[in-house]
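Chain and residue survey
Residues per chain are reported as follows:
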Amino acid sequence: MHKFLGVKTRYNDWFEDMVKYGFTENIDFIGFTEKRVKPQGGRPSIDHALKLDMAKEISMIQRNEKGKQARLYFIEVEKQAKEQQLRVPTTQHELVQLALSANEETNQRIDVVEDKVADLTDRFGLPSNKAKVLQKKVASKVYMFTGGKDSNAHKKMGGRVFKEFYKDLNNRFDVVKYSDIPLSRYDEALEYLDMWQPSFNTTLEIRGLNSQTSFEFEN
């Protein structure tokens, strides 16, 4: 799945993030050590076998075309497995009823999974890769406002500007720390970041510190 979905994050880190969506080892998945011997030595690789429901949910969480393809594949696999257990219909009426029943059951399962995914994205914070993206964007934003990492303002009050931003961000999303922002509100957090500005007094202080540096150069 990791390879098919085109995930760029290292497998172990990615799988750890996926488990945070409410899956339990030995219930939803099992881990096992691969028997392949690595040419470079070191510890053997850890892989995982997933239940079909977990595989479908992880596919949906990816929110991309590959994830959609994987989810539809697992739904089809589940459907075929169930069909093998059903009595073979012998009349046209039975065929119609079977088709209607299968379609209704599939739609119900999709609705349940979608509802569960929506609930999970609100219950858990940002995956590490998205938290890092947000963190880097915050750093770039603060550098821009303070005049760069080497500016007088950034050296003297860059840390305070960072704290001011994270305080505003945490208050905006009602979380203790920014990494607790629900995944479903990640895009909203990025939009908030684009619009955020330091307070009026902080902006005046930044300008004052940087203007002092310019005055010293001129003298």
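Below is a summary of the structure that appears in this document. A quick note: this is a predicted structure, and the numbers were derived from the prediction, not measured. (Residues numbered from 1 in each chain as written. Predicted model: local features only at pLDDT ≥ 70, side-chain atom pairs only at ≥ 80, totals over all residues. Heavy atoms only, no water.)

Brief notes about the packing of aromatic side chains
Spelled out, the test is: In summary, the pairing rule links any two rings of Phe, Tyr or Trp, Trp by its six-membered ring, whose centres are within 6.5 Å, and it sorts them by plane angle into stacked for under 30 degrees, edge-to-face for over 60 and tilted for everything else. In this description a helix means any DSSP run of H or I spanning at least four residues, a strand means any run of E spanning at least two, and both kinds are numbered starting from the N terminus. Buried means the residue's accessible area, taken with a 1.4 Å probe over protein chains only, is under 20% of the maximum for its type, while exposed means over 50%, and partly exposed covers the values in between. Whether a charge lies above a ring is judged from NZ of Lys or CZ of Arg, which has to be within 6 Å of the ring centre and within 35 degrees of the ring normal.
On inspection of all chains with the given rule, the structure shows 11 aromatic pairs. Ring geometry for Phe-165 and Trp-196: centres 4.8 Å apart, planes at 85 degrees, overall edge-to-face. Highlighted residues: Phe-165 in helix α6 (residues 152-173) and Trp-196 in the loop between α7 (186-195) and α8 (200-218), separated in sequence by 31 residues. Residues Tyr-166 and Tyr-178 carry aromatic rings whose centres are separated by 5.1 Å and whose planes lie at 25 degrees to one another, so their mutual orientation is stacked. Here Tyr-166, found in helix α6, pairs with Tyr-178, found in the loop between α6 and α7; they are 12 residues apart in sequence, far enough to count as distant. Summarising the burial analysis for this pair, Tyr-166 and Tyr-178 share the class buried. Ring pairs connect the aromatic residues Phe-145, Phe-165, Tyr-166, Phe-173, Tyr-178, Tyr-192 and Trp-196, which therefore count as one cluster. One Lys or Arg, Arg-172, reaches over the ring of Phe-173 and ends 5.3 Å from the middle of that ring.

Considering the packing of helix α5 (residues 128-146) against α6
Keep this limit in mind: Note on geometry: axes are C-alpha line fits, over the in-contact stretch for helices, and angles between N-to-C directions span 0 to 180 degrees. Each angle gets one of four labels, with under 35 degrees taken as roughly parallel, over 145 as roughly antiparallel, 65 to 115 as roughly perpendicular, and the rest as oblique. A clockwise turn of the near helix away from the far one marks a right-handed crossing, whereas an anticlockwise turn of less than a right angle marks a left-handed crossing. Here a residue-residue contact requires only that any non-hydrogen atoms of the pair lie within 4.5 Å.
Relative to each other, α5 and α6 sit at 130 degrees, their axes nearing to 10 Å. Considering the angle they form, α5 stands oblique to α6. Here α5 and α6 pass one another in a crossing that is right-handed. Taking contact as the criterion, the partners of Leu-134, Gln-135, Val-138, Ala-139, Val-142, Tyr-143 and Thr-146 in α5 are, on α6, Ala-153, His-154, Gly-158, Val-161, Phe-162, Phe-165, Tyr-166 and Leu-169.

Section: the pattern of salt bridges
The line we're drawing: Only one rule defines a salt bridge in this text: a Lys or Arg side-chain nitrogen within 4 Å of an Asp or Glu carboxyl oxygen.
Within this structure, the stated rule accounts for 8 salt bridges. Here Asp-13 and Arg-10 are joined by a salt bridge, their closest N and O atoms 3.3 Å apart. Taking the relative accessible area as the measure of exposure, Arg-10 reaches 52% and is therefore exposed. Residues Lys-177 and Asp-180 are paired through a salt bridge, measuring 3.4 Å at the closest nitrogen-oxygen approach. Taken together, the shared-partner salt bridges in this structure form one network comprising Asp-53, Lys-56 and Glu-78.

Notes on α7
Just so we agree on the cut-off: This arc corresponds to the set of directions leading from the helix axis out to the C-beta atoms.
Listed as buried for α7 are Tyr-186, Ala-189, Leu-190, Tyr-192 and Leu-193. Down the axis, α7 shows its buried residues gathered within 160 degrees of arc, on one side only. In α7, the exposed residues that point more than 90 degrees away from the buried face are Asp-187, Asp-194 and Met-195.

Such coordinate-based values are descriptive only and should not be taken to indicate function.
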